[in-house]
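Notes for the structure review
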Amino acid sequence: MMTTILAPRASTAALAGLFLLPATVAAQDVPWTPADPGSDNIEVLGHLPLGPRLSVADMDVEQEMDRPYAYVARMVYGFDGPKGTDIISIADPENPELLYEWRIEDQDLHQRTGGMDVKHFKWDGRYYLVQSLQFGQGGPDTDLGAVILDVTGLPDPSTVEEVARIREPDMPGGFHNIFIYKHSNGRVYLFTTANAPGALVYDLGMIVDGNMDDAYMGMVPIPGEGSRGYHDFYVGYHPDTDEDRFYGGGTGGYYIYDVSDVAEAELRVTLTNVSGVSYGHTFTPSPDGRYVIAETEYQYAPLRIFDLQPALEGEVTNIRSPISAFTADWRNLVHNHEVRWPYVFVSGYLDGLQIFNLQDPENPLTVGYYDTYIGPPNTERSAMFNGAFGVDVRNEDGLIVISDMSTGLWTFRMDGFQGWNGEQWGYPNISSAQDWDAPARRPISEDR
Amino acid sequence: MTFAAALLPVVVLTLTATPAPTAFPTCAPPEYYAIELVTTRNIPGTGYSRGTADVTFRPAPFGISIAPDGSYSYNVRIRFDNLRTPRTGQYVAWLTTTELDEVVPVGPLDDEGAASGPVEWNKFIVVVSLEDSWSPDATRWSGPIAFRGMSRSGNMHTMIGHGPLQDEQCAAYGYDD
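Residues numbered from 1 in each chain as written. Chains lettered and ligands numbered in written order. Predicted model: local features only at pLDDT ≥ 70, side-chain atom pairs only at ≥ 80, totals over all residues. Heavy atoms only, no water.

1. Here's the deal with the overall build of chain A
Which entries qualify depends on this criterion: The secondary structure listing takes helices from DSSP runs of H or I that are at least 4 residues long and strands from runs of E that are at least 2 residues long, numbered from the N terminus. Values of the radius of gyration come from C-alpha atoms, whereas the globule rule sets the reference at 2.2 Å times the count of residues to the power 0.38. The protein chains shown are the only cover counted for residues, whose accessible areas, like all others here, come from Shrake-Rupley with a 1.4 Å probe.
Secondary structure summary: chain A contains four helices and 28 strands in total. Its C-alpha atoms give chain A a radius of gyration of 20 Å, within 12% of the compact-globule value 22 Å for 448 residues. For chain A, the spread of C-alpha atoms along the three principal axes comes to 60 × 50 × 45 Å. Accessible area for chain A stands at about 15700 Å²; split by element, carbon and sulfur atoms hold 48% of it.

2. Some details on unusual backbone geometry
For residues other than glycine, phi is negative in most cases, and the peptide bonds are mostly trans. In the segment running from L154(A) into P155(A), the intervening peptide bond is cis, with an omega of 15 degrees. Cis geometry is found at the peptide bond from W341(A) to P342(A), where omega equals 10 degrees. Along the chain, P342(A) falls in the loop between strand 22 (337-340) and strand 23 (343-347). Unusually for a residue other than glycine, R112(A) sits at a positive phi of about 65 degrees. Here R112(A) lies in the loop between strand 5 (97-103) and strand 6 (114-123). The phi dihedral of L100(B) is positive, around 65 degrees, even though this residue is not glycine. Mapped onto the secondary structure, L100(B) falls in the loop between strand 4 (90-96) and strand 5 (103-108).

3. Points about the confidence of the model for chain A
Selection rule: By definition, pLDDT measures how confident the predictor is in each residue, and it falls between 0 and 100. Any two residues whose heavy atoms approach within 4.5 Å are treated as being in contact.
Overall, the predicted model of chain A reaches an average pLDDT of 92, with 92% of residues at or above 70. Contacts of residues 1-27 of chain A to residues separated by more than four positions or lying in other chains number 40 contacts, the stretch itself having pLDDT below 50.

4. Some remarks on the sheet that holds strand 22 of chain A
All names here are of chain A. Applied cut-off: Paired strands, in this sense, are two strands between which DSSP finds at least two bridges. Note on method: axes are straight lines fitted to C-alpha atoms, helices fitted across the in-contact stretch only, with angles between N-to-C directions ranging 0 to 180 degrees.
Judged by pairing direction, the sheet is antiparallel, and its four strands sit side by side in the order 22-23-24-25 without closing on themselves. The open sheet terminates on both sides in strands that have one partner only, identified here as strand 22 and strand 25 (365-370). For this sheet, the mean angle separating the axes of adjacent strands, direction not counted, is 20 degrees. As paired elements, strand 24 (residues 353-357) and strand 25 share five bridges and run antiparallel to each other. Paired with I355 across the two strands is G368, which belongs to strand 25.

5. Side note on the pattern of salt bridges
All names here are of chain A. Test applied: Put simply, a salt bridge is a Lys or Arg side-chain nitrogen that is within 4 Å of an Asp or Glu carboxyl oxygen.
Scanning all chains against the criterion turns up 30 salt bridges over all chains. A salt bridge links D29 to R331, with the shortest nitrogen-to-oxygen separation between them at 3.4 Å. Highlighted residues: D29 in the loop between helix 2 (23-26) and strand 1 (42-48) and R331 in the loop between strand 21 (324-326) and strand 22, separated in sequence by 302 residues. If you follow the salt bridges from partner to partner, you end up with E243, R245, D258, E266 and R268 in one network.

6. Description of the pairing of strand 22 of chain A
Residues and elements named next belong to chain A. We apply this condition: Partly exposed residues are those whose accessible area sits between 20% and 50% of the maximum for their type, while under 20% is buried and over 50% is exposed, using a 1.4 Å probe and protein chains only.
Here strand 22 shows a buried face lined by H337 and V339 and a second buried face lined by E338 and R340. One ladder, built from four bridges, connects strand 22 with strand 23; its direction is antiparallel. Each residue of the ladder has a partner; that of R340, found in strand 23, is Y343. From the end of strand 22 to the start of strand 23, which pair antiparallel, there are two residues.

7. So, the sheet that holds strand 19 (residues 291-296) of chain A
Residue and element names in this part refer to chain A. Spatially, 18-19-20-21 is the arrangement adopted by the four strands of the open sheet, whose pairing is antiparallel. Here the strands that pair on one side only, and so sit at the sheet edges, are strand 18 (280-285) and strand 21. Taken pair by pair, the neighbouring strands of this sheet meet at an average axis angle of 25 degrees, ignoring direction. Sheet topology note: the strand 18/strand 19 ladder contains four bridges and is antiparallel. Each bridged residue has a counterpart across the sheet, and for P285 the counterpart in strand 19 is V292.

8. Examining a negative patch on the surface
Cut-off, in case you're wondering: What makes a patch is a set of residues exposed beyond 30% relative accessible area and free of salt bridges, joined within 9 Å when like-charged and within 5 Å when nonpolar (Val, Leu, Ile, Met, Phe, Trp, Tyr). Asp and Glu are treated as the negative residues and Lys and Arg as the positive ones, with His and the ends of the chain left uncounted. Think of each charge as sitting on NZ of Lys, CZ of Arg, CG of Asp or CD of Glu.
Residues D36(A), D40(A), E43(A), D92(A), E94(A) and D415(A) make up a contiguous surface patch of negative charge. By relative accessible area, D36(A) is classed as partly exposed at 38%.

9. Section: the nonpolar core
Residues and elements named next belong to chain A. So the rule is basically this: The definition of a nonpolar core used throughout is a set of buried Ala, Val, Leu, Ile, Met, Phe, Trp, Tyr and Cys residues joined through side-chain atoms within 4.5 Å.
Residues F191, V220, Y230, F246, V259, L271 and F283 are the most contacted members of the largest nonpolar core, which totals 34 residues. If you tally residues by element for this core, the top one is strand 14 (residues 230-238), at five residues. Beyond its immediate stretch of four places on either side in the chain, V220 contacts F191, P197, G198, A199, V201, Y230, F246, Y257, V259 and A265.

10. Some points on the environment of I293(A)
All names here are of chain A. Residue placement: I293 occurs in strand 19. In the structure, I293 is positioned 31 residues away from S324 in sequence and 9.7 Å away in space, judged by C-alpha atoms. Beyond its immediate stretch of four places on either side in the chain, I293 contacts T282, F283, T284, L303, R304, I305, H337, V339, V344 and L358.

11. Observations regarding the packing of aromatic side chains
Two descriptors summarise a pair of aromatic rings, namely the distance from one centre to the other and the angle between the planes of the rings. All names here are of chain A. For the record, the criterion: Pairing of aromatic rings covers Phe, Tyr and Trp, the last through its six-membered ring, and needs centres within 6.5 Å; plane angles under 30 degrees mean stacked, over 60 mean edge-to-face, and all others mean tilted. Think of it as a cone above the ring: NZ of Lys or CZ of Arg counts as a charge over the ring if it is within 6 Å of the ring centre and within 35 degrees of the ring normal.
Counted according to the given criterion, the structure contains 37 aromatic pairs over all chains. Relative to F246, the ring of Y230 lies with its centre 5.1 Å away and its plane at 75 degrees, an arrangement referred to as edge-to-face. Residue Y230 is located in strand 14, and its partner F246 is located in strand 15 (residues 243-250); the two are separated by 16 residues in the primary sequence. F246 carries the same exposure label as Y230, and that label is buried. Taken together, F179, Y234, Y247, Y254, F283 and F306 form an aromatic cluster joined through their ring pairs. Over the ring of Y127 we find R67; its NZ or CZ atom is 3.9 Å from the centre of that ring. One residue, R381, lies across the ring of F79, its end atom 4.8 Å from the ring centre.

12. Quick word on the side chain of D143(A)
Within the secondary structure, D143(A) is located in the loop between strand 7 (126-134) and strand 8 (144-150). Setting aside its immediate chain neighbours within four residues, D143(A) contacts I166(A), R167(A), E168(A) and P169(A).

13. Some words on the confidence of the model for chain B
Residues and elements named next belong to chain B. Confidence in the prediction for chain B averages 79 pLDDT; 71% of positions are at 70 or higher. The secondary structure element of chain B with the lowest average pLDDT is helix 1 (residues 3-16), at 42, and the one with the highest is strand 4, at 98. In the predicted structure, residues 1-24 sits below a pLDDT of 50 and forms 24 contacts with residues beyond four places in sequence or in another chain. Long-range and interchain partners of residues 160-177, a stretch whose pLDDT sits below 50, account for 66 contacts in this model, where long-range means more than four residues apart. We note a pTM of 0.88 for the whole complex and an ipTM of 0.80 for its interfaces.

14. Quick word on a nonpolar patch on the surface
Judged by side-chain polarity, F57(B), I64(B) and Y72(B) come together as a nonpolar surface patch covering roughly 270 Å² of accessible area. For I64(B), the location among the structural elements is in the loop between strand 2 (50-57) and strand 3 (74-81).

15. Remarks on the side chain of H337(A)
All names here are of chain A. Short version of the rule: The term polar contact refers here to a pair of N or O atoms within 3.5 Å; inside protein, the definition further demands a hydrogen-donor-capable atom paired with an acceptor-capable atom, and it admits residues adjacent in sequence only when both atoms are side-chain atoms.
Structurally, H337 is set in strand 22. With a relative accessible area of 4%, H337 lands in the buried category. At a separation of 3.1 Å, a polar atom in the side chain of H337 contacts the side chain of T284. Those residues within four positions of H337 in sequence are excluded, and the remaining contacts are T282, F283, T284, I293, E295, L303, V344, F345, V346 and V391.

Here it is, written out as structure tokens:
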């Protein structure tokens, strides 16, 4: 029997009440079960297990239909597994095929997790992937932040070639999350977390053209002294201001910068002093930049939805109260998300794929789910960090892809979602998917 | 400083520059000087093998041996329990720096699964690989790594390297069961 879903309409008031209710709420359950893991409108197309539990991290899908490739970061968060990247063909989404495995050399001797986040980009007619790496002290390559592979020749695995490694000797520990943005000036930039009080920015075109020395463009700072820096971010064009905007979650909350000049980032809006938020995580805006979905990384934390309008209109500079929230199972934690307004696709850790609708931003509505992880919380690692880790959506056909820390790669379709173009919904066609071939919106000097 | 005191390091360096003795103390060192050797599960049959690399100071007439660069000079004694003889090839032990930029061959494990050698690094990694054959001229392993172990001093590092998803002990990732 289908039990009442807890999260479909989780306004702020309801959520606050939820935290105040003790045992009666604790007895409620979610509709997904091991025998019936998905909603009727979600179709599982394919599933490719990738190895030991807790060995899969984030993922990325190319957007062009003639380049049907998914990139999956491989880490050792448990006790076994590889450290690198898997390249998977989704030419037939019902039969994902592992094409190529890039591994750090001597991976058995490298400390800590290894691969974490992975993104792709196109530059000068060639396609590349960037794999962020984290290696700990006590082993080699503690200064190695990322590796760049030329993947233009896929699906022929013999053509994959390593073209560069980004190192930061003064910031040991590597890069955690990364984001690649096709800037309005036509350049392609890598934004990355590091053990630094801000997000480091690199010109990827320069790197693959062999000019590593000049590729570091600067740092998007994070306000506050003694900051641990950012955890995750998104960068997108903001039509109402004609600015390239950076949305970062990290120490103290969330921050929005104008990065039209990446070397001179200017703070626009802060979201600090938010109840229950001391360290922001993933942070993604709606296509028009008015609403933002903000994650925090602890058990019981919902995704908070904020309306930035008072700040965008200049009435305030800081927003601290969400207008609503979403969670899958209040006992757990939801993780990364991809916004294809009005839908938000979530990799919900222990609760698998979750999809909610934000057409009414004050009333998030669950519209689909499929639990990719049928297992218990961790006992040897942080309890919540298992299950669906990464999510991506191919705009052209609406293919949904999940990377699960323990069960591998999954491909899905949702009934009625056959692709996404923001303009069809009355919004700018802006998402994490980049239009690599779009011309520059504004000119750029020769030296940048 | 007296002349004798000033001369003492020279004497020590001279004495410790001699080749490593072939016989090492047999008593087990304190736990801090015992490096757990963890299987990589790359080699079938190693799943239940347990190994230890015991670290002891090399004998010296003045109690402590140091290398010409001032580093402590140790003996490393590698031993295994439950180590099956590989179907082909032989296990060879190596010592390497944490950056893997220097490698010292210890040599093949004997029939008892043991090998010994000197080391003059503070932080180092013990590697046991499966090689087709052993040559004293080998400078680095070429076969798959079967076991690994990190010197206890490798656990010590600055907090600069701590970031997201690092609430657990760093060394827990893939080294310690």
